[in-house]
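Spelled out, the chains give:
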Amino acid sequence: MSLLSIRNLRKAFGQHVVLEDFSLDVEPGECVVLIGASGSGKSTLLRCVNLLETVDDGVVELNGQDITDPRVDADQVRARMGIVFQAFNLFPHLSVLDNITLAPRKVHRQSRAEAERTARQMLERVGLSDKATAKPDELSGGQQQRVAIARALVNSPQLMLLDEVTSALDPELVGEVLDLLAELKADGMTMLLSTHEMSFARQVADKVCFLHGGRLLELGPPEQVLREPAEERTRQFLARIVDAGRL
Amino acid sequence: MTSGSTSLWQPSPRQQERIAYRRRRAIRSGAIAALSTIVVFGGVVAAVLSSPGWPRTQQTFFSWYHFRHSFSSVLSGLWLNVRVMLICAVLVLVIGLVLAVMRTLRGPIFLPLRIFSAAYTDLFRGLPLLLVLYLCGFGIPALRLAGLSYQPAVFYGGVALTLTYSAYVAEVLRAGIESVHPSQRMAARSLGLSAGQTLRFVVLPQAIRRVIPPLLNDFVSLQKDSGLIAVLGTPIDAIRSAQIYTATTFNYTSYVVAGALFLCLTIPLTRFTDWIAKRQGWYGTGGAATV
C-alpha cells in the first residue's frame, strides 16, 4: 500500500484553478521530487497534503486513511508528517532548542528533559550541536533551514514535505541542506519535495513529477524525465533551467 | 493558468458529501452559538432583573421618564464634548508626532530634543489627568497673565487633555516607528532619500498603519475623558448637564443618557477604523509570501 496516495485532487482560489485532477502515489521510503515552473502548483500541492489548504475535490490518503475528510482531526494528521518551508519560518523569539522542543512538549506532551535530549540528538544529526542556545537571527540561512528540518524530524514523521527548501539560500549554503536531505533519504525517510535543483533531483529522486498548469504532465524515474522527457513542455522547462545554469 | 475550466468542473459525489457535511456542521455550530449566547446573556439579565433591589436601581438609573426629560440637555452638552474631542485629537496627533520624531532622532546634536521629549512623556503620562485639569483650569488663570489667563474654562480643559494625551500618543507612535525594520530605512537611504524623506515617505506610513488600533484606543479614551472637563465648572458638556439634572432630581438616569450617547460615538468610530484598516490590508503584515 502506498504511504501517500493523492487522487483526482482539485484546488482553486476563486476563479484561479491551481491544481486539477492531480493524482500521485508515494511508496514508503520513496523520494518523489516535484518540478515545474513557479505557479505550477507545487507549493499548493504540498500545502494540501499537510491540510494547510482545504481541497476542493479529490482525496489524499495517508496510510489508507482519507485525511481530506472533514471529520478527520487535522492536527492529529499533521503530527504524523513534517513540513519545511522555503522561508524557514523559525520562531524568532525562541532559541534553536526551544524551536525544536516546542511541538514535542506542547503537542506530544513530552517532558522538557526528554524533549531536549531528543532535540540535541537531532541538532547533532544536522551538525548544529553548538547552536542550541542561539536565536534564529544569529544563524546563516543554511543553518536556519537545517534547524527547521530538525524541528520537523523531531516529531518522527512518517512523511516529510519539503517546499523549495533551498530557494532562499545563498548558493554556497545550498549544499549543506541538500547533503542533509540525501542522508535522510538514505535512512529510509519518505519524502515529497519540490525543488529547482535538478542535479539534486537526479541524485535522490526515485520519481520525478513534472507539473504544468496544476496538472501532472510527466512522471517517471529521474533519468527518463530529466534526460529524455516525453512531453514537449517538460523539454521546454528543462531547457530554460539549463539556460539559467541550474542543471 | 487553467482559469477557463472552472465552469466545466462539477464536484464529485465524495466532494458533494463533504460539502453537505460541512453545511450540517455549520448549521450545528450556529445553533450552539445562538443557544450559548441566549443562556449566558439571558442568565445575566435574569439575575439582575430578579435581584431584590432591582426596582429601586431601575428607578434611579434607568427611568424612562428621566431619560426623556434629561435627553435634550445632555445631547446639547455632548456637542461640546465632540468639539473638544475633535480639536484636541488634531492637536494631540500633531504634538504626539513631533514628540515621537524628536525622540527617535539620532545624532549628538539632538540630545536636548530627545531629553525634552523623554521628560515630557514621562511627566504627562504619569500625572493623573485630574491634577493636570486643575493645574490648567485654576492654575493658569491664577497667574493673571495677559491673554493666557482670561480664557473660558473649556480652553483650559482642552489644554489639559492635549498635554496628557500627546504624551500617550507620542509613545504609541514611537513604538510604531521603532517597529519598522532597519532594512526599510537602509533601502530608502540607499535610493538617495534624506533622513527626513525616509521618515516621511517610508517609515511613518508603515509605523502609523501598524499603530492604528492602539491610536484609536487613545482617541476613544480621549473622547470619554473630555467629560472630565466638567470639573472645571463652567463648561456645560454632556457630563456636566447630567450632573445638573441629577442635582435637581436625585436621579442618575441622566448619567446613563450621557454614557449611551458616548457609546453611540465610539462604537461606530471603532468599527469604521477596523473596516478601513481591513480594506486597505493594513493588518497582518510579516511572514513569508508563499505561492
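Just above sits the structure.
Values in this document were obtained by computation on a predicted structure and should not be read as measured data. (Residues numbered from 1 in each chain as written. Chains lettered and ligands numbered in written order. Predicted model: local features only at pLDDT ≥ 70, side-chain atom pairs only at ≥ 80, totals over all residues.)

Engineer: Can you walk me through the overall build of chain A in this structure?
Structural biologist: Tallying secondary structure elements over chain A gives nine helices and 10 strands in all. In terms of overall size, chain A behaves like a compact globule, its C-alpha atoms giving a radius of gyration of 18 Å where 247 residues would be expected to give roughly 18 Å. Structurally, chain A occupies a C-alpha span of about 55 × 45 × 35 Å along its principal axes. When burial is assessed residue by residue, chain A has 45% of its 247 residues classed as buried. Of the contacts formed within chain A by residues at least 6 apart in sequence, a portion of 64% connects residues at least 24 apart. (Helix = DSSP H or I, 4+ residues; strand = E, 2+ residues; numbered from the N terminus. Rg over C-alpha atoms; globule rule 2.2 N^0.38 Å. Buried ≥ 20, exposed ≤ 12 C-beta atoms within 10 Å, placed from the backbone. Contact = placed C-beta atoms within 7 Å.)

Engineer: Would you take a moment to explain the nonpolar core for this structure?
Structural biologist: The tendency in soluble globular proteins is for nonpolar side chains to be buried side by side. Of all hydrophobic cores here, the largest spans 69 residues; its most connected members are Val33, Ala150, Leu161, Leu192, Val208 and Cys209 of chain A. For valine 33 of chain A, the contacting residues outside a window of four places in its chain are Leu193, Thr195, Ala201, Ala205, Val208 and Cys209 of chain A. The next biggest cluster of nonpolar side chains, apart from the first, holds 45 residues, and it includes Val132, Ala167, Tyr245 and Tyr255 of chain B. (Core = buried A, V, L, I, M, F, W, Y, C linked by C-beta atoms within 7 Å.)

Engineer: Where do I start with the pairing of strand 7 (residues 159-163) of chain A in this structure?
Structural biologist: On a regular strand, one side chain projects to one face of the sheet and the next to the other, so that they alternate. All names here are of chain A. Counting buried residues along strand 7, five of its five residues qualify, which places the element largely inside the surrounding structure. Neither face of strand 7 is open: one carries Leu159, Leu161 and Asp163, the other Met160 and Leu162, and all of them are buried. Bridge analysis of strand 6 (residues 81-84) against strand 7 gives four bridges, and the strand direction is parallel. Looking at the pairing, isoleucine 83 lines up with leucine 161 of strand 7. As defined by bridge partners, strand 7 adjoins strand 8 (residues 190-194) across five bridges and the pair is classed as parallel. In the sheet register, leucine 161 faces strand 8, and the bridge partner there is leucine 192. As for the winding sense of the linkage, the β-α-β connection from strand 7 through helix 6 (residues 171-186) to strand 8 is right-handed. (Pairing = 2+ DSSP bridges. Right-handed = clockwise from strand over helix to strand, strands pointing away.)

Engineer: I tried to follow the sheet that holds strand 2 (residues 16-26) of chain A on my own but got confused; where do I start?
Structural biologist: Residues and elements named next belong to chain A. As summarised here, the arrangement of the four strands in space is 2-1-4-5, forming an open sheet in which the pairing is antiparallel. The strands lining the two open edges of the sheet, one partner per strand, are strand 2 and strand 5 (65-66). Bridge count for strand 4 (residues 57-62) against strand 5 is two bridges, and the pairing is antiparallel. From the neighbouring strand, glutamate 61 faces strand 5, where its bridge partner is aspartate 66.

Engineer: Looking at this structure, I do not really get the sheet that holds strand 10 (residues 215-220) of chain A. What am I missing?
Structural biologist: Paired through their backbone hydrogen bonds, the strands of a sheet run either parallel or antiparallel. Residues and elements named next belong to chain A. In space, the six strands of this open sheet follow the order 6-7-8-3-9-10, with mixed pairing throughout. Here the strands that pair on one side only, and so sit at the sheet edges, are strand 6 and strand 10. Averaged over all pairs of adjacent strands, the angle between their axes in this sheet comes to 15°, without regard to strand direction. The pairing of strand 9 (residues 207-212) with strand 10 spans five bridges and is antiparallel. Across the sheet, cysteine 209 pairs through a bridge with leucine 219, a residue of strand 10. Along the sheet face, helix 1 (residues 42-49) touches strand 3 (31-35), strand 6, strand 7, strand 8 and strand 9 and points at about 145° away from the line of strand 8. (Axes fitted to C-alpha atoms, helices over the stretch in contact; angles between N-to-C directions.)

Engineer: Just to check I follow, could you spell out the packing of helix 8 (residues 195-225) of chain B against helix 10 (residues 253-279) of chain B for this structure?
Structural biologist: The relative placement of two packed helices comes down to the angle between their axes together with the axis-to-axis distance. Residues and elements named next belong to chain B. Helix 10 packs onto helix 8 with a crossing angle of 165° between their chain directions and a minimal axis gap of 11 Å. Judged on the interaxial angle alone, helix 10 and helix 8 are roughly antiparallel. The hand of the helix 8/helix 10 crossing is right-handed. Note on element contacts: helix 10 touches helix 8 through Phe262, Leu265, Thr266, Leu269, Thr270, Thr273 and Ala277, opposite Ile212, Leu216, Val220, Gln223 and Lys224. Of the residues assigned to the contact of helix 8 with helix 10, the class counts are seven nonpolar, four polar and one charged. (Parallel < 35°, antiparallel > 145°, perpendicular 65-115°, else oblique. Left-handed = near helix turned anticlockwise from the far one by under 90°. Nonpolar A, V, L, I, M, F, W, Y, C, P; charged D, E, K, R; others polar.)

Engineer: For this particular structure, what's the right way to read helix 9 (residues 238-249) of chain B?
Structural biologist: Residues that lie three or four places apart on an α-helix share one face, since the helix turns once every 3.6 residues. Residues and elements named next belong to chain B. Here helix 9 contains 12 residues, and its C-alpha end-to-end distance of 17 Å stays within 8% of the 16 Å for a straight helix at 1.5 Å per residue. Of all the residues in helix 9, the buried ones are Ala238, Ile239, Arg240, Ser241, Ala242 and Tyr245. Buried-residue contacts for helix 9 involve helix 3 (64-104) and helix 10. Immediately beyond the C-terminal end of helix 9, within one or two residues, lies phenylalanine 250, with a positive phi of roughly 55°. (Expected span 1.5 Å × (residues − 1).)

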